[in-house]
Amino acid sequence: MQHRDTGGGDEIQVIDQFTKTLSSSGSGGGVSLHFDADVAEQYELDPDTEVVVDVVEQDGDVSFTIDGIPAGFTHEELENVANQEGWVVSDEFADEDRDEWFVTYRTESDLVEVEIDSEAHVDGNVMNNVVIRGAPVDVTGDFDRYDSICALAQRNQLNVSVHDDEGVWQRLRSAPAGTADDVGGEAPDRLTFEQLSEAAGQVTVRLVCRQSSINTALDGVVDTVRRIEDVYEKVEGFTASDTAQ
């Protein structure tokens, strides 16, 4: 992790750095800067993205800064979007002296919560400080509902968190509860699911998406919330009363 002093007392945190060669652009002597596909995907850039370029002079050196990158957002921008979407604060903490904050919103449907921590780095490493979760759904003994939710989640690029009140699934995966219970390619099969249902009083699943705020646009957060709510709507026979208490 690098820090750069701008000379005015403000410190810039360098979160990424790479070297690029300018390419010819058009026939008028112009040049262009190409961002590879992985960088464009990481910072949500596309051919229609409009950015602001500032030419900065400092102590005789000239540099370019690019603003308007879709990824990343401020606390104020988050609050504005939350108000527009009708999200309600369910938990909040702020330390103005340290410029740190934490907030959890619940959607109007009460089916999704959005948890965001201002701390985007731990020990210099980028962390997933944006967690979007659907409400836990009771699937005890109902493999068809469980299988349907997993299939819908996969089509919507969402993970499924499996939990049982006896901690059987966590033990099977040799992981502490709440740390590695997201289902990727290791969803319990029918036999394992039936064993979980028999061994535990309740088995629940919830849709989960974890992201880093510096690589996430608020539009993407809203889109994820809507995709989670859409999955609930598509689960056959599902009603809000099916969510676990």
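All of the points below concern the structure found in this document. Just so it is clear, the model here is predicted, and its values are computed rather than measured. Every chain begins its residue count from 1, and numbering advances along the sequence as written. Under the rules for a predicted model, residues below a pLDDT of 70 receive no local features and side-chain atom pairs below 80 are neither given nor counted, while totals for whole chains, interfaces and linings still include all residues. Excluded from the side-chain calculation are hydrogens and water; included are all heavy atoms of the structure.

## Some points on the overall build of the chain
Right, so step 1: We count a stretch as a helix when DSSP gives it H or I for four or more residues in a row; a strand needs E for two or more, and each element gets its number in order from the N terminus. Broken down by element type, the chain carries six helices and 16 strands.
Right, so step 2: Burial classes follow relative accessibility: with a 1.4 Å probe on protein chains only, a residue under 20% of its type's maximum area counts as buried, one over 50% as exposed, and anything between as partly exposed. Per-residue burial for the chain yields a buried fraction of 35% across its 245 residues.
Right, so step 3: Residues count as neighbours in contact if any of their non-hydrogen atoms are within 4.5 Å of one another. In the chain, of all internal contacts separated by at least 6 residues, the share reaching a separation of at least 24 is 55%.
Right, so step 4: Surface exposure of the chain reaches about 15,100 Å², of which carbon and sulfur atoms provide 43%. Only the protein chains shown count as cover for residues, and the accessible areas themselves come from Shrake-Rupley with a 1.4 Å probe.

## A few points about helix α5 (residues 190-199)
Right, so step 1: Looking only at α5, the buried set comprises Thr192, Phe193, Leu196 and Ser197. Angularly, the buried residues of α5 cover 140 degrees about the axis, an arc narrow enough to put them on a single face. In α5, the exposed positions angled more than 90 degrees off the buried face are occupied by Leu191 and Glu198.
Right, so step 2: Where α5 is buried, its residues touch α3 (143-155), β14 (159-164), α4 (168-172) and β16 (203-211). It is the directions from the helix axis to the C-beta atoms whose arc is reported.

## A look at unusual backbone geometry
In terms of backbone geometry, most residues other than glycine have negative phi values and most peptide bonds are trans.
Right, so step 1: Within the chain, Asp59 stands out as a residue other than glycine whose phi angle is a positive 55 degrees.
Right, so step 2: Mapping Asp59 onto the fold places it in the loop between β5 (52-58) and β6 (61-67).
Right, so step 3: Given the relative accessible area of 73%, Asp59 is considered exposed.
Right, so step 4: Here Gln157, not a glycine, exhibits a phi torsion of approximately 55 degrees, which is positive.
Right, so step 5: Considering the arrangement of structural elements, one finds Gln157 in the loop between α3 and β14.

## Details of the side chain of Thr192
Right, so step 1: Relative to the elements of secondary structure, Thr192 occurs in helix α5.
Right, so step 2: When its relative accessible area of 18% is taken as the criterion, Thr192 is described as buried.
Right, so step 3: Not counting the four nearest positions on each side in its chain, Thr192 is found in contact with Trp169 and Leu172.

## Here's the deal with the environment of Ala217
Right, so step 1: Structurally, Ala217 can be placed in the loop between β16 and α6 (218-234).
Right, so step 2: Sequence-wise, Ala217 and Tyr43 are 174 residues apart; in three dimensions their C-alpha atoms are separated by 8.2 Å.

## Side note on the pattern of salt bridges
Any two side chains of opposite charge can pair, on the condition that their charged atoms come close.
Right, so step 1: Counted as salt bridges are all cases of a side-chain nitrogen of Lys or Arg within 4 Å of a carboxyl oxygen of Asp or Glu. Scanning all chains against the criterion turns up nine salt bridges.
Right, so step 2: Measuring nitrogen to oxygen at the nearest pair gives 3.0 Å for the salt bridge that ties Glu85 to Arg226. Here Arg226 lies in helix α6 and Glu85 lies in helix α2 (residues 75-85), a separation of 141 residues in the sequence.
Right, so step 3: For Glu85, a relative accessible area of 23% corresponds to the partly exposed category.
Right, so step 4: With its nearest N and O atoms 2.6 Å apart, the salt bridge here joins Arg106 to Asp110.
Right, so step 5: The exposure class of Arg106 is partly exposed, given its relative accessible area of 23%.
Right, so step 6: Residue Asp110 is classed as partly exposed on the basis of its relative accessible area, which comes to 45%.
Right, so step 7: Members of the salt-bridge network, linked through shared partners, are Arg106, Asp110, Glu113, Glu115, Arg133 and Arg206.

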